[in-house]
Amino acid sequence: MSIITSASGSSCWRGFDYYKCKKVRNVKKLNNNEYTSVVSGNQDYDVYLNLEHPRKSTCNCPLANGKRIICKHIVATYFSVVPNSAKDFEEEQERLQQEYEEYEEKQYENVIKYLHKMSKKELIEELVYVFDYAPEWIYADFIRRNDVKDS
Ligand SMILES: [Zn+2]
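Residues numbered from 1 in each chain as written. Predicted model: local features only at pLDDT ≥ 70, side-chain atom pairs only at ≥ 80, totals over all residues. Heavy atoms only, no water.

Visitor: If you had to explain the overall build of the chain to someone new, which residues and values would you point to?
Guide: A count of helical and extended segments in the chain gives 6 helices and 4 strands. Written out in order from the N terminus, the α and β elements of the chain read α-α-β-β-β-β-α-α-α-α. Here the C-alpha atoms of the chain give a radius of gyration of 25 Å, more than 25% beyond the 15 Å that 2.2 N^0.38 yields for 151 residues. Structurally, the chain occupies a C-alpha span of about 80 × 30 × 25 Å along its principal axes. Residue burial in the chain is summarised as follows: out of 151 residues, 28% are buried. When contacts within the chain are restricted to residue pairs at least 6 apart in sequence, long-range pairs at least 24 apart make up 41% of them. Carbon and sulfur atoms make up 52% of the accessible area of the chain, which totals about 11100 Å². Counting 22 positive and 24 negative side-chain charges, the chain places the averaged centre of each group 7 Å from the other. (Helix = DSSP H or I, 4+ residues; strand = E, 2+ residues; numbered from the N terminus. Rg over C-alpha atoms; globule rule 2.2 N^0.38 Å. Buried < 20%, exposed > 50% of the residue type's maximum accessible area, 1.4 Å probe, protein only. Contact = heavy atoms within 4.5 Å. Areas by Shrake-Rupley, 256 points an atom, 1.4 Å probe, with all protein chains shown as cover. Lys, Arg positive; Asp, Glu negative; His and termini not counted. Charge placed at Lys NZ, Arg CZ, Asp CG, Glu CD.)

Next comes the structure, spelled out in structure tokens:
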């Protein structure tokens with residue numbers, strides 16, 4: 001278990017932001033595995049980081065104080081102490097983002113292909129469903145762009 005795998009996704013992201021914004025100050029090395037720091041947030045928080053036993057790390061912010069939670073302040077301190085891990089984290093996030101975009105693109109192509117296979121009746125049912133659940137401007141825009149008359 002590492003600091004990153006012990007922390008929630010949102011703590012990792014926000015910790016990364018804090019690290020990037022240089023909110024970690026007064027880093028002190030106690031030994032190869034233990035560090036302390038002060039991280040500025042709404043106020044200053046005291047962080048104790050234990051690389052060997054991540055869950056023993058502490059922070060006196062409201063989220064982590066007295067609990068075995070790896071908060072964004074602990075993550076930010078970790079990135080400051082092990083800059084390569086911040087680089088790896090950033091690369092991994094970029095890779096995941098790219099994978100997700102590729103997936104979205106492929107999925108969009110699949111939807112278009114599927115639309116081409118649907119009957120007119122099925123398409124009308126789907127469009128009515130969209131009008132019912134989409135924001136109202138989509139319906140209004142449809143009327144504006146099409147010559148809808150009484151029939
Ligand atoms: Zn904290």
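Having seen the model, we can carry on.
Visitor: Before we move on, can you summarise the domain arrangement of the chain with the specific residues and values?
Guide: Taken domain by domain, the chain holds domain 1 (3-85) and domain 2 (92-145). Measuring from the centre of the C-alpha atoms in domain 1 to the corresponding centre in domain 2 gives 41 Å. (Domains from an automatic or database assignment.)

Visitor: Break down the coordination of the zinc ion for me, with residues and values.
Guide: Looking at the zinc ion, the protein donor atoms are Cys59 (SG), Cys61 (SG), Cys71 (SG) and His73 (ND1), and they sit 2.1 to 2.3 Å from it. Here the zinc ion is ringed by 4 donor atoms whose angles at the metal span 105 to 116°, and the overall shape comes out tetrahedral. Donor residues binding the zinc ion come from one chain and are separated in sequence as C-x1-C-x9-C-x1-H. One end of the pair, cysteine 61, is in the loop between strand E4 (58-59) and helix H3 (72-81); the other, histidine 73, is in helix H3, and 12 residues separate them in sequence. Residues cysteine 61 and histidine 73 agree in their burial class; the two are buried. (Donors = N, O, S within 2.8 Å, 3.2 Å for Na, K, Ca; no water. Tetrahedral: all angles 85-135°; square planar, octahedral: opposite > 155°, others 65-115°.)

Visitor: So what's going on with helix H2 (residues 9-20)? Which residues, and what values?
Guide: With 12 residues, H2 extends 17 Å between its outermost C-alpha atoms, agreeing within 8% with the 16 Å of an ideal straight helix rising 1.5 Å per residue. Taken together, the buried positions of H2 are occupied by Ser11, Cys12, Gly15, Phe16 and Tyr18. Seen end-on, H2 carries its buried residues on one side only, within an arc spanning 160°. Trailing H2 by a residue or two, lysine 22 shows a phi angle of about 55°, which is positive. (Expected span 1.5 Å × (residues − 1). Arc of directions from axis to C-beta.)

Visitor: Please set out the packing of aromatic side chains residue by residue, giving values where relevant.
Guide: All chains considered together, the criterion is met by 11 aromatic pairs. With a centroid separation of 5.3 Å and an interplanar angle of 75°, the aromatic rings of phenylalanine 131 and tyrosine 139 are classed as edge-to-face. Within the aromatic cluster, the residues linked to one another by ring pairs are Trp13, Phe16, Tyr19, Tyr78, Phe79 and Phe89. Over the face of the ring belonging to tyrosine 18 we find lysine 23, whose NZ or CZ atom lies 4.6 Å from the ring centre. (Phe/Tyr/Trp six-rings, centres within 6.5 Å; stacked < 30°, edge-to-face > 60°. Lys NZ or Arg CZ within 6 Å of the ring centre and 35° of its normal.)

Visitor: So what about the pairing of strand E1 (residues 24-29)? Which residues, and what values?
Guide: Inspection of the sheet shows E1 paired to strand E2 (residues 34-40) by 4 bridges, in the antiparallel sense. Within the sheet, the bridge partner assigned to lysine 28 lies in E2 and is threonine 36. Counted along the chain from E1 to the antiparallel partner E2, the turn is 4 residues long. (Pairing = 2+ DSSP bridges.)

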